[in-house]
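# Structural characterization, general
Here is what each chain is made of, one letter per residue.
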Amino acid sequence: MNTLGDIVTTLFGENTQTVDIIILLTILTLLPSIILMLTGFTRILIVLSFLRNSLGMQQTPPNQVIIGLALFLTIFVMNPVLTRVYNEAYVPYTNQQITQEEFIENAMAPTRDFMLAQVMETDLNFFVSLSRSEVQDPESVPNSVLIPAFLTSEIKHAFFIGFMIYLPFVVIDMIVASTLMAMGMMMLPPAMISLPFKVLMFVMVDGWQLVIGSMMQSFRAY
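### Regarding the overall build of the protein chain
Counting secondary structure elements, the protein chain contains 9 helices and 0 strands. Mapped in sequence order, the helices and strands of the protein chain form the string α-α-α-α-α-α-α-α-α. Sorting the 222 residues of the protein chain into buried and exposed places 33% on the buried side. Within the protein chain, residue pairs in contact and separated by at least 24 positions form 72% of the contacts whose partners lie at least 6 positions apart. For the protein chain, the exposed area adds up to about 13800 Å²; of that, 68% sits on carbon and sulfur atoms.

### Thoughts on the packing of helix 5 (residues 100–118) against helix 7 (residues 143–182)
Axis separation between helix 5 and helix 7 bottoms out at 9 Å; the angle between their running directions is 45°. With respect to each other, helix 5 and helix 7 are oriented oblique. The chirality of how helix 5 crosses helix 7 is left-handed. Across the interface between the two elements, Met108, Arg112, Phe114, Met115, Leu116 and Gln118 from helix 5 touch Asn143, Leu146, Ile147, Phe150, Ser153, Glu154 and His157 from helix 7. Its residues placed into classes, the contact of helix 5 with helix 7 shows 7 nonpolar, 4 polar and 2 charged.

### Some points on the packing of helix 4 (residues 63–94) against helix 5
It is the contact of helix 4 with helix 5, at a shortest axis distance of 9 Å, that shows an interaxial angle of 165°. Relative to helix 5, helix 4 is oriented roughly antiparallel. Relative to helix 5, helix 4 is oriented so that their crossing is right-handed. Between helix 4 and helix 5, the contacting residues are Val77, Met78, Val81, Arg84, Val85, Glu88, Ala89, Tyr90 and Tyr93 on the first element and Gln100, Phe103, Asn106, Ala107, Pro110, Thr111, Asp113 and Phe114 on the second. Its residues placed into classes, the contact of helix 4 with helix 5 shows 11 nonpolar, 3 polar and 3 charged.

### Regarding helix 3 (residues 41–55)
Here helix 3 spans 21 Å end to end across 15 residues, near enough to the 21 Å set by a 1.5 Å rise per residue. Counting buried residues in helix 3 gives 11 out of 15 residues, a clear majority hidden from the surface. Among the residues making up helix 3, those that are buried are Phe41, Thr42, Arg43, Ile44, Val47, Leu48, Phe50, Leu51, Arg52, Ser54 and Leu55. Gly56 occupies a position one or two residues after helix 3 and carries a positive phi of about 85°.

### Focus on the pattern of salt bridges
Scanning the model with the defined rule gives 4 salt bridges in all. Residue Arg43 is joined to Glu154 by a salt bridge in which the shortest nitrogen-to-oxygen separation is 2.5 Å. Here Arg43, found in helix 3, pairs with Glu154, found in helix 7; they are 111 residues apart in sequence, far enough to count as distant. Across the pair, Glu154 and Arg43 agree in class, each one buried. Residue Glu88 pairs with Arg84 through a salt bridge whose shortest N-O separation is 3.3 Å. Note that Glu88 and Arg84 are positioned in helix 4 at a spacing of 4 residues, about one turn of the helix. Residues joined in a network through salt bridges with shared partners are Arg84, Glu88 and Asp113.

Basis of the calculations
Starting afresh in each chain, residues are numbered from 1 along the sequence in its written order. Per-residue local features are limited, in this predicted model, to residues with pLDDT of at least 70; the limit for side-chain atom pairs, both in listing and counting, is 80 or more; totals at the level of whole chains, interfaces and linings are taken over all residues. To get the side-chain values, take all heavy atoms of the structure and skip hydrogens and water. Here a helix means four or more residues in a row that DSSP labels H or I, a strand means two or more in a row labelled E, and each is numbered from the N terminus. Each residue gets one of three labels from its accessible area relative to the maximum for its type: buried under 20%, exposed over 50%, partly exposed in between, using a 1.4 Å probe on protein chains only. Any two residues having at least one pair of non-hydrogen atoms within 4.5 Å are treated as being in contact. Residue-level accessible areas treat just the shown protein chains as cover; the underlying method is Shrake-Rupley with a 1.4 Å probe. For helices, the axis comes from a line fit to the C-alpha atoms of the stretch in contact; other axes are also lines fit to C-alpha atoms, and the angle between any two N-to-C directions lies between 0 and 180 degrees. Geometric relationships in this document are graded by angle, where less than 35 degrees denotes roughly parallel, more than 145 denotes roughly antiparallel, 65 to 115 denotes roughly perpendicular, and other angles denote oblique. By definition, turning the near helix anticlockwise from the far helix through less than a right angle yields a left-handed crossing, and turning it clockwise yields a right-handed one. Residues are grouped as follows: Ala, Val, Leu, Ile, Met, Phe, Trp, Tyr, Cys and Pro are nonpolar; Asp, Glu, Lys and Arg are charged; all remaining types, including Gly, are polar. Here, expected helix span is obtained from the residue count minus one, scaled by 1.5 Å. Salt bridges are counted wherever a side-chain nitrogen of Lys or Arg sits within 4 Å of a carboxyl oxygen of Asp or Glu.

So this is what it looks like as structure tokens:
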């Protein structure tokens, strides 16, 4: 069966520049899905969304800022993986030392190492059992099983961190609501009073550094 490279070569001859452009356009088309499925972007974005909701500010920071911060934090987390992909896959492929199939395999190897380091064993076993695959060890788990298990684990990690972020802000909301009720100010929305106190506490404890530091530490080294 012909590979993509064979088909492209048949259509365009030996013009490697044309082949490279087609491959690049294909990668750019799939890039959002790749970032979402194979990196820590999902965990980081969900945690930042939890943080914004716990503060009670629905539009601050704006979505563009949240997504931009999540993207660059993802690049920071994935830098060792990207370095390995560049050295082990991209450079040999551009030097025509490996084939297209070897390029994909070499690029997936560090990505799989990262996902295997982050995925929860329970999630991995769950999807292995659903797929009814005979897997001897985690290294032999197919990508079709590893990727959904990894995404599920990322969501679990994000929800756990989000729960820990919510706790202090819930305490502030409860204190403000109890105080207003004791003062007989039933008609005054507690969120209006608690918001500046939550922002003040978040700034005083350097909340951004704490949240980002906790997220970075939650990614296990591989």
